[in-house]
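An overview of the molecular structure
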Amino acid sequence: MSTIFKRASQKAGLSPGTLIPVGTRTDGKVKISLWEYNEDHYQEKVLETVKEYLPSKDPTTVTWINVEGLDDTATIETLGNRFSLHPLVLEDILHIGQRPKIEDYEDYVYLVFKMLQREGKAILIDQVSIILGPNYVLSFLEQESAVFDPVKERIRNAKGRLRKSGADYLAYALIDAIVDDYFGLVEQIGDHIESVEEELVARPLPNSVHGIHILKRQLMVLRNAVWPLREVVGGLQRGDSPLFKETTLIYLRDVYDHTIQIIDTTETYREMVSEMLDLYLSSLSNRLNEVIKVLTIISTIFIPLTFIVGVYGMNFRYMPELEWRWGYPVTWLVMIGIGVGMLGYFRKRRWI
Amino acid sequence: MSTIFKRASQKAGLSPGTLIPVGTRTDGKVKISLWEYNEDHYQEKVLETVKEYLPSKDPTTVTWINVEGLDDTATIETLGNRFSLHPLVLEDILHIGQRPKIEDYEDYVYLVFKMLQREGKAILIDQVSIILGPNYVLSFLEQESAVFDPVKERIRNAKGRLRKSGADYLAYALIDAIVDDYFGLVEQIGDHIESVEEELVARPLPNSVHGIHILKRQLMVLRNAVWPLREVVGGLQRGDSPLFKETTLIYLRDVYDHTIQIIDTTETYREMVSEMLDLYLSSLSNRLNEVIKVLTIISTIFIPLTFIVGVYGMNFRYMPELEWRWGYPVTWLVMIGIGVGMLGYFRKRRWI
Amino acid sequence: MSTIFKRASQKAGLSPGTLIPVGTRTDGKVKISLWEYNEDHYQEKVLETVKEYLPSKDPTTVTWINVEGLDDTATIETLGNRFSLHPLVLEDILHIGQRPKIEDYEDYVYLVFKMLQREGKAILIDQVSIILGPNYVLSFLEQESAVFDPVKERIRNAKGRLRKSGADYLAYALIDAIVDDYFGLVEQIGDHIESVEEELVARPLPNSVHGIHILKRQLMVLRNAVWPLREVVGGLQRGDSPLFKETTLIYLRDVYDHTIQIIDTTETYREMVSEMLDLYLSSLSNRLNEVIKVLTIISTIFIPLTFIVGVYGMNFRYMPELEWRWGYPVTWLVMIGIGVGMLGYFRKRRWI
Amino acid sequence: MSTIFKRASQKAGLSPGTLIPVGTRTDGKVKISLWEYNEDHYQEKVLETVKEYLPSKDPTTVTWINVEGLDDTATIETLGNRFSLHPLVLEDILHIGQRPKIEDYEDYVYLVFKMLQREGKAILIDQVSIILGPNYVLSFLEQESAVFDPVKERIRNAKGRLRKSGADYLAYALIDAIVDDYFGLVEQIGDHIESVEEELVARPLPNSVHGIHILKRQLMVLRNAVWPLREVVGGLQRGDSPLFKETTLIYLRDVYDHTIQIIDTTETYREMVSEMLDLYLSSLSNRLNEVIKVLTIISTIFIPLTFIVGVYGMNFRYMPELEWRWGYPVTWLVMIGIGVGMLGYFRKRRWI
Amino acid sequence: MSTIFKRASQKAGLSPGTLIPVGTRTDGKVKISLWEYNEDHYQEKVLETVKEYLPSKDPTTVTWINVEGLDDTATIETLGNRFSLHPLVLEDILHIGQRPKIEDYEDYVYLVFKMLQREGKAILIDQVSIILGPNYVLSFLEQESAVFDPVKERIRNAKGRLRKSGADYLAYALIDAIVDDYFGLVEQIGDHIESVEEELVARPLPNSVHGIHILKRQLMVLRNAVWPLREVVGGLQRGDSPLFKETTLIYLRDVYDHTIQIIDTTETYREMVSEMLDLYLSSLSNRLNEVIKVLTIISTIFIPLTFIVGVYGMNFRYMPELEWRWGYPVTWLVMIGIGVGMLGYFRKRRWI
């Protein structure tokens, strides 16, 4: 967790707008792909460098530049110049510790999202930046990802409204793809919760608490990513930004519904995990009670009996009972009586 | 719980508006019934297929199409076309993981509700979609249900205001029927709480905690269904939608009161169940204390006595006490004295 | 608790406006009393039936009809017709599971309040409905009650502003009487809290937790009744209803202050009771610690000593110590040394 | 605590406006002092009775009447008449269970504050009422107090803005004095928290929990007094009341800052005390663990050894070991071996 | 903590506006530096006394006076007069117990911030006051600090927008420097949390709880400093103050994002630390369970056996078993049988 802040503090003190990629998990590779489409045709290119790109003059043609990998700051700067982006936007694209947010710069909207991925105990976080202009969309991912594949497929197939609509619908489609991606993670966590819970009901182990702990931590990360998402998508669907057309707002409302659903489930899971901890602790108490009951039953039965046999193990010269003919069997009877009495007492107390 | 999200993620990546029923519990049967009525007469039909239906031209006649079962997507699509519903509405009708919500599409209002049913430990959730247009109401249930029977009866009997009022009053009547349905569930849970509590006061068992746990889980599901209901009905009664007439708003305020009552009771129950857990845990502690007190009393009385008899069981050649005439009885006296002293100490400490 | 919902679900499915008294605790007796007064004279009658009543035509005369007992639905219906009340109002008067609320019907205001009464562990809840019209007040109680006696006295005595003011001041006086009634209950609970707390500090008993539990439950009921009261009286004092004149609003502000005070105290009491539970649980832990310390001290002192005397109780033929002249006293010295050493160790650890 | 409500319920049922001092801690003595000042001169008198007072006609002269002690209802009534105060204001002055509040009566503002004083475990609460009119201030205290002494000093010395400003600045100065008085209490509680915490870290005692409990209770009382203060002063500094001039608002903002600071510290202290309870409970658990570990170590070492020596204490005729030459020393070796093995096991488990 | 209030109460009772430095940690040294710059040139001076300073008449030149050390009240008063600051502002600069806040005095804005520094268990708090006028900035620190060094560097280097922009951009740069300073602290705490957590998972020690306790306390201080920061910076970026130009607001939005990020992380850390406490307590319970299980296993096996050997240690004259040829070996067999049976029972219960 604290690694996020290591990055941030590395930059502390620099003039705002200085372009240094901060804390990304990228592997040095950068892939820039260009899509241009309108209702009738589409074109798909992988750009070696962003300089070869000449933007379309036709206002009905939508241009989408998708940058995967943030290591090539020159490219990002060039893009920034061509689309006249504010220096702070470029800085935020590279500085991956942003919260999901929406920033309106009149000519374009800058959106930041998070993508989450579960890897063992940890949850990896990738930042996605989307810039929506009048007829273009720029998107920046930390590394190559399949998250936008369904959107690409829909551009290729010309199915649905995508090819017939403007850049704002493309932006919606990308956001929708990112939000849909959360469902998989939520589902995985749900399955994990179910399995931990079954284990807990069957037989609580000392290390069950660590499983609960990891779940809690993952849900915390998820919630931190998803709550600001709600504000962002909520703002969009209320029509805060004029770049999204009226007809697209209905679709954004749908994305908003999904976001709320993810939040609801996250909160429900958090509550379930908290209850699992309660369940675990009370089952610990129950087991302790049981162990101590066994100890007490055995001890309270045999300790008095051991005392009695000790008495007749004493070596006093004058102990009349020792000489009696029935001393030994009578002692046994007394001891059995005491044992049975104790058992009766425990049964009355419902310990047995 | 996580099954909800399995369904959702099955669809992830499809173009919005694709009609696939997602995650419904329906059994494949679909029943479509048509009601047409005005103040003077009414008509009730079961439709084989929705194509045979021709909508009424008379603006004073209310048309109600009630679809039970969501497996026949063709029918739903046909209805969607005839009533010019937005593709996202049709998608949401089929995709049953929606939250209760209200969506205003100018010509009609789309409402989503949940119906809950208790089955053992689980709570089954059914989605109800209601579409209110100027003089028609469409309702979609996941499977056949008796929930709307009282409304049907009132159409047949022409009792009350229903036949004299418009489609908005019918929509109100359906919503009222759904909300009234919650009272039964809340009552069941209330009875269950009472019985678990009585058991708890009488004698806490190790598995009482599971009963509490199930109650908590059920109340969580109930709350998740009921809180968004509040927003929906609250929005309606404030007159957010122009399709509801002024005179109907007073009735919606009544439904809203019921919703608040259900929420209040749910929250009260949640608090009661939390306290039951506290009660249970403190009774566990009490029992542990008691068991350990018994162990301590028995041990601390007999352990010193066993030591004493051990002393006179030693085989030293020179142990003067062993030769004494009154050694044995004096030892008994000493031991009785110690025992009585211990008991006195315990009584002083109020352990006995 | 769940009985409230039994009643509610009995009615589920009936057309709204059907008049059936639901769940009232009344004993079948109904008492209707009529008061008419202005500054100069007043008149007080017990009505056999409401039909004999002819409303005053004089706008300066205030009419107050107080109905105690809800079993005579015919009377209530007649009153409803004469004062043209909405059917839902009549239904709510009879259906006693309402929350405290205010409903404005232009010609009149409908107010619902709760009166609480402590009976052993339970808190009994009575519903009071007040209808304020231009120059009349109707009030409905579940059964005969002394709560309005001070108001009646003030009408008779013509003391204070009551006789000089309109129907809105009468309504204020009734509300004030109801709110003042809460102080008694709050005071009783406060006394109970004090006594449970003293008991707890003196000596926590296993069943103290039940006393705390009952207090919690009662405070929960109280809070549920009092929080909506705040909204109702708050709305009134802000002048939401035009039927209350400007000069009366200052008095309603006073009632509002009282309501806030009751809420504050309730919340304070809830916190105090929660802390009492903490106190109780930590005192349980302390007692457990103490018991176990005693057990440990006795055991750890005597168990090694018992081992030693056991050693010299063995019957080996060749045990040189047994033959020594000072074997027995030396053994005693060793054992006393061990015992004193143990005690010193415990003192160092501050167990004694 | 409940005593507050005893008072309140004594009055329940009386007509509003009846003047009876309710629940004050006054000793019967009443001291009325009169201050009149403007920029040039000032005058300070102790009044025997309020009747000798003739109010100043000069609008630039500020009149301050400070009443210490509430037992002389006649005086308060006379003052009420002279300054035409509403009967409810007079009632609230005498009825000391008010919350801090602000009430605007157009011609004057009525303000209620609380002064707190720590006395052992309890916190004593005094009510201060301040009435600000166009050129006069009335203040009512439950008993003689030094809280306003710095203000009096500033009137006498003509230092600062006080003598140059109007009645609203005097009211500000009084409020400021009351709020500053809280700092002392907060500081005392802070010192107490520090000392309890040091004691807790050094060595938790069974009755430490009572110290924590008292702190919690005191902080609860403090918070109850201070939160409504925030609303009152917040309302004043926003300029809710036209009697406070623009130039005075900046000073009230300063008082508001102090109030927020007191609230912040109170909340911080509450959190600290809650954590102290956690710390205490976990240290209890630790001690229990340690005690039980000692018991277990001693028991598990000696119980098997005691068994062994018991074996060779048996009196069977045919026990070959007893006759062996090295039986006794070998038994010792075995027993030492078991003991050392046990110790090794405990060390491995890190119990020692 | 309470030391803050010691200072405050020292001043209680003084007339507002009296200039006494309250509670600062300064060492008596005061350093005043003056910066004047515009796009073309800049000048940097250390002032012996503020009297030698003559403010620039040129509106495009920005003047920044940075005072490090608050002991020289005369200087602060002189500055106050030259820039016509309100007496309360001067008082607040010296009185270091302020909350972060923003106060608008039309001609200038007064801003208060906190700088935090970790020193062992404690967190030291320094107050920074910034006054922004039309073309000047005054800043007051409690002691010499390197926090503004990057800003000074940027003035010297004329890099970035700083030299080209007005006083508002300088104020932004100072605020940005202060906020960036928090990242280092947050990072340190994050590292500490990680190390405590690793220790906890490896092996919980009795004093781990103190580590958790210190973290909680530090996070509490951090949160108290950072939450009001949010309001202050949030107000600035919304453009509450006209002294900040439109173009600077975008940069303030960036600072606001950083603030939100710090708050998010602080809250996340608080949650993580709470969970660590749960983890610690449940691991304590687990260890207790284990210790008691060992005790129970050993005791329940050997206590009955010790009883048996005690039986045959009795000295009754008539005990037939003692004479039997196979009495001793049969007793061994019986005892081994009991021991094995017990072990089997424990294995069935899964204790071993």
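Focus: the overall build of chain A
A count of helical and extended segments in chain A gives nine helices and seven strands. The C-alpha radius of gyration of chain A comes to 35 Å, more than 25% above the 20 Å expected for a compact globule of 352 residues. Seen along its three principal axes, the alpha-carbon backbone of chain A occupies a region of about 120 × 45 × 30 Å. In chain A, buried positions account for 60% of the 352 residues. Residue pairs in contact within chain A that sit at least 24 positions apart in sequence constitute 67% of those at least 6 positions apart. For chain A, the centre of its 39 positive side-chain charges and the centre of its 47 negative side-chain charges are spaced 9 Å apart.

Here's the deal with the arrangement of the chains
Separated in space, chain A and chain C share no contact, their closest pair of C-alpha atoms being 9 Å apart. A gap remains between chain A and chain D, which never touch, and the nearest two C-alpha atoms on either side lie 9 Å apart.

Quick word on the packing of aromatic side chains
As enumerated under the stated definition, the model contains 70 aromatic pairs over all chains in all. Aromatic side chains B:Phe316 and C:Tyr328 sit 6.2 Å apart centroid to centroid with 55° between the ring planes, which places their arrangement in the tilted category. Residue B:Phe316 is found in the loop between α7 (246-311) and α8 (320-323), and its partner C:Tyr328 is found in helix α9 (residues 327-348); the two belong to separate chains. Classification of C:Tyr328 as buried rests on a relative accessible area of 5%.

Observations concerning the relation of the copies chain C and chain B
Mapping chain C onto chain B leaves a residual RMSD of 0.1 Å; the transformation is a rotation of 72° accompanied by 0.1 Å of translation along its axis. The transformation relating the two chain copies, once decomposed into turn and shift, fits a five-fold axis. Residue C:Gly313, judged by its C-alpha, is the member of chain C lying nearest the rotation axis, at 4.7 Å. Interface residue correspondence from chain C to chain B reaches only 16%, placing this contact among heterologous pairings that use different surfaces.

Describing the sheet that holds strand β3 (residues 62-68) of chain E
All names here are of chain E. Taken together, seven strands build an open sheet; the order of strands is β2-β1-β3-β7-β6-β5-β4 and the sheet is mixed. Looking at strand neighbours, the two that pair on one side only are β2 (42-47) and β4 (101-104), the edges of this open sheet. Between one strand and the next, the sheet's axes are offset by a mean angle of 15°, whatever the strand orientation. Across six bridges, strand β1 (residues 31-37) lies against β2 in antiparallel orientation. Residue pairing in the sheet places Tyr37 in a bridge with Tyr42 of β2. On top of the sheet, helix α3 (residues 87-94) reaches β4, β5 (109-119), β6 (122-132) and β7 (136-141); it is set at about 155° to β6, its chief contact.

Observations concerning the pairing of strand β7 (residues 136-141) of chain C
Looking along a regular strand, one sees the side chains alternate between the two faces of the sheet. Residues and elements named next belong to chain C. The buried count for β7 comes to six of six residues, which makes it a mostly enclosed element. The alternating pattern of β7 places Tyr136, Leu138 and Phe140 on one face and Val137, Ser139 and Leu141 on the opposite face, and all of these are buried. Both strand β3 (residues 62-68) and β7 contribute to a ladder of six bridges, which runs parallel. In the sheet register, Asn66 faces β7, and the bridge partner there is Ser139. One ladder, built from five bridges, connects strand β6 (residues 122-132) with β7; its direction is antiparallel. Of the residues in β7, the one forming a bridge with Val128 is Leu141. Linking β6 to β7, which pair antiparallel, is a turn of three residues.

Points about the sheet that holds strand β7 (residues 136-141) of chain B
Residue and element names in this part refer to chain B. The strand order across the open sheet formed by seven strands is β2-β1-β3-β7-β6-β5-β4, and the pairing between neighbours is mixed. The two strands at the open ends of the sheet, each matched to only one other strand, are β2 (42-47) and β4 (101-104). This sheet shows a mean twist of 15° between the axes of neighbouring strands, independent of strand direction. Where β4 meets strand β5 (residues 109-119), four bridges bridge the pair, whose relative direction is antiparallel. Across the sheet, residue Lys101 finds its bridge partner in β5, namely Val112.

Looking at the interface of chain C and chain B
Counting residues at the interface gives 63 residues for chain C and 62 residues for chain B. With both chains or domains summed, chain C and chain B bury close to 5,800 Å², and 62% of this area falls on carbon and sulfur atoms. Ionic pairing is found between C:Arg270 and B:Glu271, a salt bridge with its closest N-O pair at 3.4 Å. In this assembly, chain C and chain B are joined by 18 residue pairs in polar contact (both at pLDDT 80 or more). Contributing elements (two or more residues each) for the side of chain C that touches chain B: α1 (3-11), α3 (87-94), β4 (101-104), α6 (208-237), α7 (246-311), α8 (320-323) and α9 of chain C. For the side of chain C that touches chain B, a count of residues per class yields 31 nonpolar, 16 polar and 16 charged.

Topic: the side chain of A:His213
Relative to the helices and strands, A:His213 is located in helix α6 (residues 208-237). For A:His213, a relative accessible area of 10% puts it in the buried group. Within polar-contact distance, the side chain of A:His213 engages the side chain of E:Glu197 at 3.0 Å. If we ignore the near neighbours within four places in the chain, the residues touching A:His213 are E:Glu197, E:Glu275 and E:Leu279.

Digging into the relation of the copies chain C and chain D
When chain C is fitted to chain D, the residual RMSD is 0.2 Å, and the transformation amounts to a turn of 72° plus an axial shift of 0.1 Å. Comparing interface residues between copies, only 16% of those in chain C also sit at the interface in chain D, which points to a heterologous contact through distinct surfaces.

Observations concerning the side chain of C:Lys114
Residues and elements named next belong to chain C. Among the secondary structure elements, Lys114 is positioned in strand β5 (residues 109-119). Buried and unpaired, Lys114 has Glu142 as its nearest opposite-charge partner, separated by 5.9 Å. A polar contact is formed between the side chain of Lys114 and the side chain of Gln127, at a distance of 3.3 Å. With residues up to four places along the chain from it excluded, the contact list for Lys114 reads Ile96, Gly97, Gln98, Pro100, Ile125, Asp126, Gln127, Ile178, Tyr182 and Ala225.

Description of α6(C)
Residue and element names in this part refer to chain C. With 30 residues, α6 should cover 44 Å at 1.5 Å per step; its first-to-last C-alpha distance of 42 Å lies within 8% of that length. With 25 of its 30 residues buried, α6 lies for the most part within the structure. Positioned one or two residues after α6, Gly239 has a phi angle of 80°, which is positive.

The rules behind each value
Chains are numbered independently. Their residues run from 1 in the order of the written sequence. Chain labels run from A onward and ligand labels from 1 onward, assigned in the order the entries are written. Where local features are concerned, this predicted model is filtered to residues with pLDDT of at least 70; where side-chain atom pairs are given and counted, the filter is 80 or more; whole-chain, interface and lining totals use all residues. Heavy atoms throughout the structure, all of them, feed into the side-chain values; hydrogens and water do not. Secondary structure counts use DSSP, requiring at least four H or I residues in a row for a helix and at least two E residues in a row for a strand, with both numbered from the N terminus. With C-alpha atoms as the basis for the radius of gyration, the globule rule is written as 2.2 Å multiplied by the number of residues raised to the power 0.38. A 1.4 Å probe rolled over the protein chains alone gives each residue an accessible area, and that area as a share of the maximum for its type sets the label: buried under 20%, exposed over 50%, partly exposed in between. Contacts: residue pairs with any heavy atoms within 4.5 Å of one another. Charge assignment in this entry is limited to Lys and Arg as positive and Asp and Glu as negative, and neither His nor the chain termini are counted. Charge positions are represented by NZ for Lys, CZ for Arg, CG for Asp and CD for Glu. Classification of ring pairs rests on two measures: the distance between centres of Phe, Tyr or Trp rings, Trp counted by its six-membered ring, which must be within 6.5 Å, and the angle between planes, read as stacked under 30 degrees, edge-to-face over 60 and tilted in between. Alignment of copies: least-squares fit on C-alpha atoms of residues with pLDDT of at least 70 in both copies. Strand pairing requires that DSSP identify at least two bridges connecting the strands. Only the stretch in contact is used when fitting a helix axis, every axis being a line fitted to C-alpha atoms; angles between N-to-C directions are given from 0 to 180 degrees. The quantity reported as buried area is the accessible area (1.4 Å probe) lost by two parts once they are put together, taken as the sum for both. In the sections that follow, a salt bridge refers to a side-chain nitrogen of Lys or Arg positioned within 4 Å of a carboxyl oxygen of Asp or Glu. For this analysis, a polar contact is any N or O atom pair within 3.5 Å, provided that within protein one partner can donate a hydrogen and the other can accept it, and provided that sequence-adjacent residues contribute only side-chain to side-chain pairs. The classification used treats Ala, Val, Leu, Ile, Met, Phe, Trp, Tyr, Cys and Pro as nonpolar, Asp, Glu, Lys and Arg as charged, and all other residues, Gly among them, as polar. Under the convention used throughout, the expected extent of a helix is 1.5 Å for every residue step, that is, one less than its residue count.

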